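Listed below, chain by chain, are the residues.
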Amino acid sequence: AMPSGTGLKSFKKYYPKRFFDVGIAEEHAIAMSSGIAKNGGKPVFNVYSTFLQRTYDQLVQDLCVNNNSAVIINHMASVYGMNDVTHLGFFDIPMLISIPNLVYLAPTNNEELLAMTEYAVHQHEHPVAIRVPVGEFTSTGVADTTDYSILNKSEVTRRGERIALLGLGNFYHLANQVADALAKDGINATVVNPKFASGLDEALLEELKANHSVVFTLEDGVVEGGWGQRVASFYGPSDVRVKNYGIAKEFHDRYDATELLRENGVSLEQIVTDAKQVYLFSLIKY
């Protein structure tokens, strides 16, 4: 029911026998995708995040219990997506990362989206979902050569100390903006592109303990049950403090995305202020 919104109108035109529009029967689409994958095909299900919520039972029972390698391209999964109370798309991360066997990828630009899709389509080990970036679709102009078959491997894109900014998917760019602002005051923060929403790079998180005292996680969605809280749980027994940025678990209707984020402390100015405070605190010697 949404070939235009998911960019499939041209695919339908050129490959009519490979295009199936199930209308608003998203539950059926997941079950059908699992069946196709079980029989050696490679289904790619394009869907809006808000409608993927309808398929939770099929995701668990039909797809992930059987570990069939269907691909889910998840659109409008963002605070910046649709904004009425019946079409909210920002509950996806807690929902999907709670399901075993499902790999959930969070690209930050066009090249990563293409590379992740290439990986997902050609692998046969897991069901894979990809969180399509929302907003300004950036391009680096350089092909992404990451081997995504190595699960949960993050990329450190900026090396610093004391403060680490982990920006998942859409909010990776915000993490870089925070690092740029801090650098003007001589504070060199580490920036990490996690790439995987469904798992943690525990080796990297362990490595950060050596010269970082605080970690900020930034994710475009609900904090409770999300990716950032998993990072916080990892660091729980250690001296590293963690602050999770995202939005509260609430329903919103016809909201302004920028204002909603600001109400939840998620703006460049607010995060920079927080970072400067914890940086000064980290310098105190006991």
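Above this text sits the structure in question.
Residues numbered from 1 in each chain as written. Predicted model: local features only at pLDDT ≥ 70, side-chain atom pairs only at ≥ 80, totals over all residues. Heavy atoms only, no water.

Where helix H7 (residues 172-183) contacts helix H11 (residues 268-282), the axes come no closer than 10 Å and their chain directions differ by 55 degrees. Relative to H11, H7 is oriented oblique. Judged by the twist between their axes, the crossing of H7 over H11 is right-handed. Across the interface between the two elements, Leu174, Gln177, Val178, Ala181 and Leu182 from H7 touch Leu268, Ile271, Val272, Ala275 and Lys276 from H11. For the contact of H7 with H11, a count of residues per class yields eight nonpolar, one polar and one charged. (Axes fitted to C-alpha atoms, helices over the stretch in contact; angles between N-to-C directions. Helix = DSSP H or I, 4+ residues; strand = E, 2+ residues; numbered from the N terminus. Parallel < 35°, antiparallel > 145°, perpendicular 65-115°, else oblique. Left-handed = near helix turned anticlockwise from the far one by under 90°. Contact = heavy atoms within 4.5 Å. Nonpolar A, V, L, I, M, F, W, Y, C, P; charged D, E, K, R; others polar.)

Counting residues in each nonpolar core, the largest one holds 39 residues, and the members touching the most others are Leu52 and Leu59. Mapped onto this core, the elements with two or more residues apiece are helix H2 (26-38), strand E1 (44-48), helix H3 (49-52), helix H4 (56-64), helix H5 (92-96), strand E6 (162-167), helix H8 (202-208) and helix H9 (227-235). For this core, the element with the highest residue contribution is H9, accounting for four residues. Those residues in contact with leucine 52 that lie beyond four places of it in its chain are Ile30, Phe45, Val47, Leu59, Ile72, Asn74, Met95 and Leu96. Core analysis: the second largest hydrophobic core is formed by 31 residues, Leu88, Ala175, Leu261 and Val272 among them. (Core = buried A, V, L, I, M, F, W, Y, C linked by side-chain atoms within 4.5 Å. Buried < 20%, exposed > 50% of the residue type's maximum accessible area, 1.4 Å probe, protein only.)

Glancing now at the layout of surface pockets. Empty space within the largest pocket amounts to approximately 700 Å³. As for the largest pocket, its lining consists of 24 residues, and the residues nearest its centre are Leu8, Arg18, Phe20, Val44 and Phe45. Those elements that provide at least two residues to the lining of the largest pocket are H2 and E1. For the lining of the largest pocket, the leading source of residues is H2, giving five residues. The residue inventory of the lining of the largest pocket, partitioned by class, reads 15 nonpolar, five polar and four charged. The space that makes up the second largest pocket amounts to roughly 470 Å³. What lines the second largest pocket is a set of 22 residues, and nearest its centre among them are Tyr80, Asn170, Phe171, Leu174 and Gln177. Counting only elements with at least two residues in the lining of the second largest pocket, the list comes to H7 and helix H10 (257-263). By residue class, the composition of the lining of the second largest pocket is nine nonpolar, 10 polar and three charged. (1 Å grid on protein atoms, 1.4 Å probe; cavity = no way out; pocket = protein on both sides within 12 Å on 5 of 7 lines; lining within 4 Å. Points joined across faces, edges and corners; volume = space filled by probe spheres on them.)

Quick look at the pairing of strand E9 (residues 241-247) now. Alignment of strand E8 (residues 212-222) against E9, held across six bridges, turns out to be parallel. Looking across to E9, one finds that valine 222 is bridged to isoleucine 247. Handedness of the β-α-β unit built from E8, H9 and E9 comes out right-handed. (Pairing = 2+ DSSP bridges. Right-handed = clockwise from strand over helix to strand, strands pointing away.)

With respect to the helices, strands and loops of the structure, valine 142 is situated in the loop between strand E4 (128-131) and strand E5 (155-158). Linking valine 142 and arginine 230, residues 88 residues apart in sequence, is a C-alpha distance of 31 Å.

Within this structure, the stated rule accounts for 12 salt bridges. A salt bridge links arginine 131 to aspartate 92; the nearest nitrogen and oxygen atoms lie 2.6 Å apart. Highlighted residues: arginine 131 in strand E4 and aspartate 92 in helix H5, separated in sequence by 39 residues. Between lysine 249 and glutamate 224 there is a salt bridge; the shortest N-O distance is 3.2 Å. (Salt bridge = Lys/Arg side-chain N within 4 Å of Asp/Glu carboxyl O.)

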